[in-house]
Amino acid sequence: AQSVAQPEDQVNVAEGNPLTVKCTYSVSGNPYLFWYVQYPNRGLQFLLKYITGDNLVKGSYGFEAEFNKSQTSFHLKKPSALVSDSALYFCAVREYGNNRLAFGKGNQVVVIP
Amino acid sequence: DAMVIQNPRYQVTQFGKPVTLSCSQTLNHNVMYWYQQKSSQAPKLLFHYYDKDFNNEADTPDNFQSRRPNTSFCFLDIRSPGLGDAAMYLCATSRVPGLAGSTDTQYFGPGTRLTVL
């Protein structure tokens, strides 16, 4: 069964510092990996995905993520956090041929001015 | 812009009074999903349509039903809402995962926040 772990409940970071949100996954076969961001009372907004190819994936708003097959990880990163990056971040995975996404529990990111 | 639209954004209903939530899409995607999300938790898949083929999750209560009259529209019906059904309801769409040219990405609407009094 496919699953995702986001080990931290909340990530606090000072504005201008690097931001990392951790994600590890478990699937049978090759994973399709996604990051979404959610602002209060809004839907999930797609940030980036890894399907195949380069392990470093670049997405919206300066975010990137690195796929590491040996560590089964897909950590989200941003070199310099903004206060407007404060939101809830979800990592998700699905297996080939499966319509369903498995979401992590989410990480609340707080960027401190 | 192509998008996923949900109406209404906020819905208030009374305990036991049926309610219908609406989702429409201009992306022409084959697959439409309904999720329930409670207070900053992960979204929980209720069911999804692959074209007209309905796929219910095993733990979705019978109180929740869905209709997809055409490619663009999908409805979530809650027959007798209870206090525990108060949540954000999210609609999402995608192309068929795994097909050539498929983006594999689920695109979400803004959600409908349901309050049950």
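Details of the structure are given in the entry above.
The notes below deal with the structure included here. (Residues numbered from 1 in each chain as written. Chains lettered and ligands numbered in written order. Predicted model: local features only at pLDDT ≥ 70, side-chain atom pairs only at ≥ 80, totals over all residues. Heavy atoms only, no water.)

Take the pattern of salt bridges next. Between side chains of opposite charge, a pair can form as their charged atoms come close. As enumerated under the stated definition, the model contains 6 salt bridges over all chains in all. Between A:Lys58 and A:Glu64 there is a salt bridge, with its nearest N and O atoms 2.9 Å apart. In this structure, B:Asp59 engages B:Lys44 in a salt bridge whose closest nitrogen and oxygen atoms are separated by 3.3 Å. Here the residue B:Asp59 occupies a position in the loop between strand 6 (53-56) and strand 7 (64-67), and B:Lys44 occupies one in strand 5 (residues 44-50), the gap between them amounting to 15 residues. Take B:Asp59: its relative accessible area is 51%, and that puts it in the exposed class. According to the relative accessible area criterion, B:Lys44 is partly exposed, its value standing at 31%. (Salt bridge = Lys/Arg side-chain N within 4 Å of Asp/Glu carboxyl O. Helix = DSSP H or I, 4+ residues; strand = E, 2+ residues; numbered from the N terminus. Buried < 20%, exposed > 50% of the residue type's maximum accessible area, 1.4 Å probe, protein only.)

Tallying each qualifying case throughout the model produces 2 disulfides over all chains. The disulfide that involves A:Cys23 links it to A:Cys91, with 2.0 Å between the sulfurs. Its S-S torsion of approximately -60 degrees makes the covalent link between A:Cys23 and A:Cys91 left-handed. With A:Cys23 in the loop between strand 3 (19-21) and strand 4 (24-26) and A:Cys91 in strand 10 (residues 87-95), the pair connects residues that are 68 residues apart, well separated along the chain. The thiol of B:Cys74 is not disulfide-bonded; the next cysteine sulfur, from B:Cys91, is found 6.0 Å away. (Disulfide = S-S within 2.5 Å.)

Further remarks concern the sheet that holds strand 3 (residues 19-25) of chain B. Residues and elements named next belong to chain B. The antiparallel open sheet is built from 4 strands, whose spatial order is 1-3-8-7. Every interior strand has two partners, whereas the edge strands, strand 1 (4-7) and strand 7, have only one. In this sheet, adjacent strand axes meet at a mean angle of 20 degrees when their direction is disregarded. One ladder, built from 4 bridges, connects strand 1 with strand 3; its direction is antiparallel. Its bridge partner lying in strand 3, Val 4 is registered against Gln 25. (Pairing = 2+ DSSP bridges. Axes fitted to C-alpha atoms, helices over the stretch in contact; angles between N-to-C directions.)

All names here are of chain A. In terms of nonpolar packing, the biggest core is built from 28 residues, with Leu 19, Trp 35, Leu 47, Leu 48, Phe 74, Leu 76 and Tyr 89 touching the most fellow members. Elements that contribute at least two residues to this core include exactly strand 2 (10-14), strand 3, strand 5 (31-38), strand 6 (44-50), strand 8 (64-68), strand 9 (73-78), strand 10 and strand 12 (107-112). With 4 residues, the top contributor of residues to this core is strand 10. Filtering out sequence-adjacent residues up to four positions away, Tyr 89 remains in contact with Gln 6, Trp 35, Tyr 36, Val 37, Leu 47, Phe 63, Leu 76, Gly 106, Asn 107 and Val 109. (Core = buried A, V, L, I, M, F, W, Y, C linked by side-chain atoms within 4.5 Å. Contact = heavy atoms within 4.5 Å.)

Turning our attention to the packing of aromatic side chains. All names here are of chain A. Scanning the model with the defined rule gives 17 aromatic pairs over all chains in all. Centre to centre, the rings of Phe 34 and Tyr 36 are 6.5 Å apart; their planes meet at 25 degrees, and the pair counts as stacked. Given a relative accessible area of 0%, Phe 34 falls into the buried group. Look at Tyr 36 and you get buried, because its relative accessible area is 0%. (Phe/Tyr/Trp six-rings, centres within 6.5 Å; stacked < 30°, edge-to-face > 60°.)

This brings us to the environment of B:Asp53. Secondary-structure assignment places B:Asp53 in strand 6. Considered as a pair, B:Asp53 and B:Ala86 are 33 residues apart in the sequence and their alpha carbons are 27 Å apart.

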